Amino acid sequence: MLGNENEPEAEVFNATGAHSNRVTVLPSTFYDQFLSDVAKVRKPSPIHSLFHLEATPGLISFLAGKPNASTFPFTSLSVSARSPMDPTKETSLKIEESDFAQGLQYGETAGWEKLCDWFYGLQEFSHGRKRNEGWKISVGTGSQDVIFKAMTALLNPGDSVLVESPAYSEAIAIFRSLHCGQIEVETDSCGISTTFLRSILQNWPPGKPKPKLLYTVPYGCNPTGVTATLERRKEVLRLAKEYNFLILEDDPYYYLYYGDPPRYPSYFTLELQESEVGRVLRFDSLSKILSAGIRIGFASGPEAILQAIDGHTSVSNLQTSSLTQVITFSLLNSWGYDGFKIHTERVAAFYREKRDAFEHAMTEHLSGLAEWTAPEAGMFFWFKLLLSDRPDAEDGDSENIIRNKAFERGVLALPGTVFLPNGRKSAYVRAAFSLASAEDIEEAVKRIRDTILDARAATPRAQ
């Protein structure tokens, strides 16, 4: 479904690599059917849209109400960072005077040009995507910033959205705030159940508008820790084309992959193997690999949708902090892409050790009392409490056990119900193992064991 005969001719390019083929870029008018009413009425900022013209040689600009930099008290900034080659050594980051000046001033809505250029290069380095393929980048104040703006740009109240289940609790909250109908798509240890997804779409009620979006966290899913397999990803892409929906690839744990098999390609990469590109909107985060407090994330995807995200930014927070963008660029530029890769591999290895410690404690203390699949990425363990020793017993509910009983024993975790769009009861628990030491993990799992045994003892036995 590429629209009507009056559309401008779609751009075509040659994909490179192992699956070299001719690829069509979906035209901008294709996204008219997906954009929300709010996005359609927004206009580009009459000020920020002209910022780039201020660089015109000889131009005298009266455009923006930028404060005069001579009144700013800040004169310089010094930052030190660990070397990716040897974390025991620190290096001083050199922030150019001109860059620091830009860090103190208003900047481009979509992000500081130097940082955006670095991110474009990263997407080619990590995902094989080049700049001439009909997509662009927008920097956000963390990836959740651009995720929220994307959802606002694509969904009207009453729209249906496909949500992998269990799902990231804050995504559920966003969809709920937008008054959308959340259609749960079951997942298993291989990712989204494409059989279940196809069944939903094949049996969609006649006359009811079909879902426009599928939301998924494909690596180290929050909360389940699941990493979607290659075949599942390919089938989801095929279904996206067949049933005309977009894929929101929320991927904050992409660089926290520590599984034994080689890392699977992202949806953003895999769509190059299709006959057309433009159905994947990807979200990356630096929170898990550089700093959570620096609040830098970015979206990569079709220009029409990214322009709608920028339109939202221009009327809300204007831009992501110029200064944090300058600091981030200074670090990344000093490392280069190879240094970035070395750093993220070291971070992934760190979390693998945390995962191993948690799995060891689970095996030692919860065998027969819980069920789980060890994660291959991310920082979460998702496990099912076996609250009865009767084989015919129904699944229990972890809500009271975890919120109250485990907390009383000195363990704080989250019951599974908060990760289910419909809020139904669940026997599952999410535990974040990123901060705890091996000793604390061991002790906490022991306390969970005692909590489960108490719950079992309190369960009436069948006569």
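Shown above is the structure to which this text applies.
Cut-offs used in this document
- Residues numbered from 1 in each chain as written.
- Predicted model: local features only at pLDDT ≥ 70, side-chain atom pairs only at ≥ 80, totals over all residues.
- Heavy atoms only, no water.
- Helix = DSSP H or I, 4+ residues; strand = E, 2+ residues; numbered from the N terminus.
- Rg over C-alpha atoms; globule rule 2.2 N^0.38 Å.
- Buried < 20%, exposed > 50% of the residue type's maximum accessible area, 1.4 Å probe, protein only.
- Contact = heavy atoms within 4.5 Å.
- Areas by Shrake-Rupley, 256 points an atom, 1.4 Å probe, with all protein chains shown as cover.
- Lys, Arg positive; Asp, Glu negative; His and termini not counted.
- Charge placed at Lys NZ, Arg CZ, Asp CG, Glu CD.
- Disulfide = S-S within 2.5 Å.
- Polar contact = N/O pair within 3.5 Å; in protein donor to acceptor, adjacent residues only side chain to side chain.
- Pairing = 2+ DSSP bridges.
- Axes fitted to C-alpha atoms, helices over the stretch in contact; angles between N-to-C directions.
- Core = buried A, V, L, I, M, F, W, Y, C linked by side-chain atoms within 4.5 Å.
- Expected span 1.5 Å × (residues − 1).
- Parallel < 35°, antiparallel > 145°, perpendicular 65-115°, else oblique.
- Left-handed = near helix turned anticlockwise from the far one by under 90°.
- Nonpolar A, V, L, I, M, F, W, Y, C, P; charged D, E, K, R; others polar.
- Right-handed = clockwise from strand over helix to strand, strands pointing away.

Some thoughts on the overall build of the chain
What the chain contains, in helices and strands, is 12 helices and 17 strands. Computed over the C-alpha atoms, the radius of gyration of the chain is 24 Å, within 12% of the 23 Å expected from 2.2 N^0.38 for a compact globule of 463 residues. For the C-alpha atoms alone, the extent of the chain along its principal axes is close to 90 × 60 × 45 Å. Per-residue burial for the chain yields a buried fraction of 52% across its 463 residues. Taking the contacts inside the chain whose residues are at least 6 apart along the sequence as the reference set, 71% of them involve residues at least 24 apart. Looking at the chain as shown, the accessible area adds up to about 21800 Å², and 52% of this sits on carbon and sulfur atoms. Here the chain carries 47 positive and 58 negative side-chain charges, and the mean point of each set is 2 Å from the other.

So, the state of the cysteines
Two cysteines joined by a covalent bond between their sulfur atoms form a disulfide. For the structure on display, the rule yields zero disulfides. For the unlinked cysteine Cys 190, the closest cysteine sulfur is that of Cys 221, found at 14 Å.

Considering the side chain of His 48
Relative to the elements of secondary structure, His 48 occurs in the loop between α1 (37-41) and β3 (79-82). We classify His 48 as buried; its relative accessible area is 11%. Among the polar contacts made by the side chain of His 48, one reaches the side chain of Thr 109 at a distance of 3.3 Å. Residues in contact with His 48, not counting those within four places in the same chain, are Gly 107, Glu 108, Thr 109 and Leu 318.

A closer look at the sheet that holds strand β14 (residues 370-372)
Spatial ordering of the open sheet is given by β14-β15-β17-β16, a layout of four strands whose pairing is antiparallel. Because the sheet does not close on itself, it has two edges, and the strands there are β14 and β16 (414-415). Sheet analysis places β16 next to strand β17 (residues 428-432), joined by two bridges and oriented antiparallel. Within β17, the position partnered with Pro 415 by the bridge is Val 429.

What about the pairing of strand β12 (residues 280-285)?
Among the six residues of β12, six are classified as buried, and the element is accordingly described as predominantly covered. Covered by surrounding structure in β12 are Val 280, Arg 282 and Asp 284 together with Leu 281, Phe 283 and Ser 285, the residues of both alternating faces. Pairing geometry for strand β10 (residues 246-250) and β12, over four bridges, is parallel. If you follow Asp 250 over to β12, its bridge partner there is Phe 283. Pairing of β12 with strand β13 (residues 297-302) involves four bridges; the strand directions are antiparallel. Looking across to β13, one finds that Arg 282 is bridged to Ser 300.

Here's the deal with the sheet that holds strand β6 (residues 160-165)
Spatial ordering of the open sheet is given by β5-β13-β12-β10-β9-β6-β7-β8, a layout of eight strands whose pairing is mixed. Where the open sheet ends on each side, the last strands, each with one partner, are β5 (135-140) and β8 (191-192). Sheet strands in contact with helix α4 (residues 143-154) are β5, β9 (213-216), β10, β12 and β13, and its direction is about 155° off that of β12. Contacting β6, β7 (181-188) and β9, helix α5 (residues 169-177) runs over the sheet at an angle of about 155° to β7.

A word on the nonpolar core
Formed by 118 residues in total, the largest nonpolar core has its most connected members in Phe 119, Met 151, Leu 197, Phe 245 and Phe 383. A per-element tally of this core places helix α10 (residues 322-366) first, with 13 residues. Apart from the residues within four sequence positions on either side, Phe 119 is in contact with Ile 137, Val 139, Leu 286, Ile 296, Phe 298 and Leu 332.

Structural notes on helix α3 (residues 113-127)
Taking 1.5 Å as the rise per residue, α3 with 15 residues should run 21 Å; its terminal C-alpha atoms sit 20 Å apart, in good agreement. Every buried residue belonging to α3 is among Leu 115, Cys 116, Trp 118, Phe 119, Tyr 120, Gly 121, Leu 122, Gln 123, Ser 126 and His 127, and all of these are buried. Along its buried surface, α3 packs onto β5, α8 (267-270), β12, β13 and α10. Downstream of α3 by one or two residues, Gly 128 has phi in the positive range, about 70°.

Details of the packing of α3 against α10
One way to put it is that α3 packs onto α10 with a least axis distance of 9 Å and a crossing angle of 25°. One finds that α3 runs roughly parallel with respect to α10. Helix-helix and strand crossings are classified by hand; for α3 and α10 the assignment is left-handed. Residues Lys 114, Leu 115, Asp 117, Trp 118, Phe 119, Gly 121, Leu 122 and Phe 125 of α3 lie in contact with α10, whose contacting residues are Gln 325, Thr 328, Phe 329, Leu 332, Asn 333, Gly 336, Tyr 337, Asp 338, Phe 340 and Lys 341. For the contact of α3 with α10, the class distribution of residues is nine nonpolar, five polar and four charged.

Regarding the pairing of β7
Here six bridges tie β6 to β7, and the two strands are oriented parallel to one another. Across the sheet, the residue bridging to Leu 162 is Ile 183, located in β7. Each parallel crossover has a hand, and for β6 linked through α5 to β7 it is right-handed. Relative to β8, β7 runs antiparallel, the two being bridged by two bridges.

A few points about helix α9 (residues 303-314)
The end-to-end C-alpha distance of α9, which contains 12 residues, comes to 16 Å, matching closely the 16 Å that a straight helix rising 1.5 Å per residue would cover. The buried fraction of α9 amounts to 10 of the 12 residues, a majority that puts the element mostly inside the structure. Along α9, the positions that sit buried rather than exposed are Ala 304, Ile 305, Leu 306, Ala 308, Ile 309, Asp 310, Gly 311, His 312, Thr 313 and Ser 314.

Observations regarding the packing of α10 against helix α12 (residues 438-458)
Running from amino to carboxyl end, α10 crosses α12 at an angle of 35°, the nearest separation of the two axes being 9 Å. For α10 against α12, the interelement crossing comes out right-handed. Each of Lys 354, Ala 357, Phe 358, His 360, Ala 361, Met 362, Glu 364, His 365 and Leu 366 in α10 lies in contact with α12, whose residues at this interface are Ala 438, Ile 441, Glu 442, Val 445, Lys 446, Ile 448, Arg 449 and Ile 452. Across the contact of α10 with α12, the residue classes break down as 10 nonpolar, two polar and five charged.

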